[in-house]
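Notes for the structure review
Spelled out, the chains give:
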Amino acid sequence: GGVPPAIDLVLGATAGCLACFITNPLEVVKTRLQLQGELQAPGTYPRPYRGVLRAAVAVCRADGLWGLQKGLAAGLLYQGLMNGVRFYCYSHAEDAGWTGYPGGTVAAGAVAGAVGAIVGSPAYLVKTHLQAQTLSAMVVGHQHNHESISGAFKSIYQQHGVVGLWRGVTGAVPRVTVGSAVQLSTFASAKDWVCERQWFRKGSWAAVLAGGMVSSVAVAVAMTPFDVISTRLYNQPVDADGTGKLYRGFLDCILQISNKEGLLGLYKGIGAVYFRLGPHTVLSLFFWDKLRNM
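Residues numbered from 1 in each chain as written. Predicted model: local features only at pLDDT ≥ 70, side-chain atom pairs only at ≥ 80, totals over all residues. Heavy atoms only, no water.

**Considerations on the overall build of the protein**
So the rule is basically this: Only DSSP runs of H or I reaching four residues or more are called helices, and only runs of E reaching two or more are called strands; each is numbered from the N terminus. Relative accessibility decides the category of a residue: with a 1.4 Å probe and only protein chains considered, values under 20% of the type maximum give buried, values over 50% give exposed, and everything between is partly exposed. The contact definition used throughout considers only heavy atoms, calling two residues in contact when any of these lie within 4.5 Å. Accessible surface area values rest on a Shrake-Rupley calculation with a 1.4 Å probe, where residue burial reflects the displayed protein chains alone. Charge convention: Lys and Arg are scored as positive, Asp and Glu as negative, and His as well as the terminal groups of each chain are ignored. Positions of charges follow a simple convention, taking NZ of Lys, CZ of Arg, CG of Asp or CD of Glu.
Helices and strands together make up the secondary structure of the protein, namely 9 helices and 0 strands. Helices (α) and strands (β) of the protein occur, in sequence order from the N terminus, as α-α-α-α-α-α-α-α-α. Oriented by its inertia axes, the alpha-carbon framework of the protein measures out at about 50 × 40 × 35 Å. Looking at the protein residue by residue over its 294 residues, the buried ones come to 52%. Taking as baseline every contact in the protein between residues at least 6 positions apart, the subset at least 24 positions apart corresponds to 77%. Approximately 13500 Å² of the protein is accessible, and the part contributed by carbon and sulfur atoms is 66%. In the protein, 24 positive and 15 negative side-chain charges are present, and the distance between their average locations comes to 7 Å.

If you want it as structure tokens, here you go:
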């Protein structure tokens, strides 16, 4: 408290962007892992990407070191929009006293996250397209072949109008809602649990980091299936009228993946999701906390 919502918006956005710069390479790896073997039975397709580290090396080989920062501008735009809106809504909910009710923090976090996801969706769409693009030998998933971030926004808008920019948003809302709710409900208790074990001093950054890493396990398990669905819906090729060529929507996507790739197909890229979440959560909170105290 004590910080007006408008300032919170700026601080939240800045913190998210700083964290994004450090964790974007994991986003690139995650996108590739989640598109690999799309709608194919396990074991029937070549796997240019195996595990987080080897996938990162493969990206560097194909696209150079900067390949790991693909889609960074779109990622920063998304983080700025999403976190700004999220912290702003959450701050308002706090001021209105909603967070005082039982389950209030979780509900407020979930709603704030959902609103943020809707606002940031076009940036996430473009980010996914750009991160999936690579040399033909390493291709997984549909290639949209955008020249740049502005070119991507322009071509999607020209072909499919405003609606096209919000394609795949049905996957984004549950992804962020579930993530936000699980994260907010587990982070504080994980932090306390770590301190009760007397591993770290209460209020120390080590405790926050450990809390973040513990809570991230829960978030990764809850969120990865929604994350895979998001990536697939965002990246799929579409007809001239904007209809998806692979998936009709959220439920169709879940059914197709579990039928063709098995239930584990919904957990593709979970390693990258986890490794990104822990540091991202903690870095965002760390930067946000430091900025608020300035």
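More follows now that the structure is in view.
**Some points on the pattern of salt bridges**
Our working definition: When a carboxyl oxygen of Asp or Glu lies within 4 Å of a side-chain nitrogen of Lys or Arg, that pair is called a salt bridge.
What the rule picks out here adds up to 10 salt bridges. The salt bridge involving aspartate 63 is made with arginine 32; its shortest N-O contact spans 3.2 Å. One end of the pair, aspartate 63, is in helix α2 (residues 51–63); the other, arginine 32, is in helix α1 (residues 5–35), and 31 residues separate them in sequence. When its relative accessible area of 0% is taken as the criterion, arginine 32 is described as buried. Residue aspartate 252 pairs with arginine 248 through a salt bridge whose shortest N-O separation is 3.8 Å. When its relative accessible area of 73% is taken as the criterion, arginine 248 is described as exposed. Through salt bridges that share partners, Glu27, Lys30, Lys127, Arg175, Asp227 and Arg276 make up one connected network.

**So, the UniProt feature "transmembrane region" (unreviewed entry) in the protein**
As a reminder of what qualifies: UniProt positions are given in the numbering used here, feature names are shortened, and annotations may be inferred rather than shown by experiment.
UniProt's entry tags residues 205–226 and 269–288 with the feature "transmembrane region" (unreviewed entry), counted in the numbering of this structure. Taken end to end, residues 205–226 comprises 100% helix and 0% strand; its first and last C-alpha atoms sit 30 Å apart.

**Considerations on the UniProt feature "repeat: Solcar" (unreviewed entry) in the protein**
Following the UniProt record, one finds the feature "repeat: Solcar" (unreviewed entry) at residues 3–96, 100–193 and 203–294. Taken end to end, residues 3–96 comprises 72% helix and 0% strand; its first and last C-alpha atoms sit 14 Å apart. Its end C-alpha atoms 22 Å apart, residues 100–193 is made of 76% helix and 0% strand.

**Some remarks on unusual backbone geometry**
Not every positive phi belongs to a glycine, and leucine 39 is a case in point at roughly 55°. One can find leucine 39 in the loop between α1 and α2. Looking at leucine 39, the relative accessible area reads 19%, which means it is buried. Although it is not a glycine, asparagine 145 sits at a positive phi angle of roughly 50°. On the secondary structure map, asparagine 145 appears in the loop between α4 (104–132) and α5 (149–165). Classification of asparagine 145 by relative accessible area gives exposed; the value is 58%.

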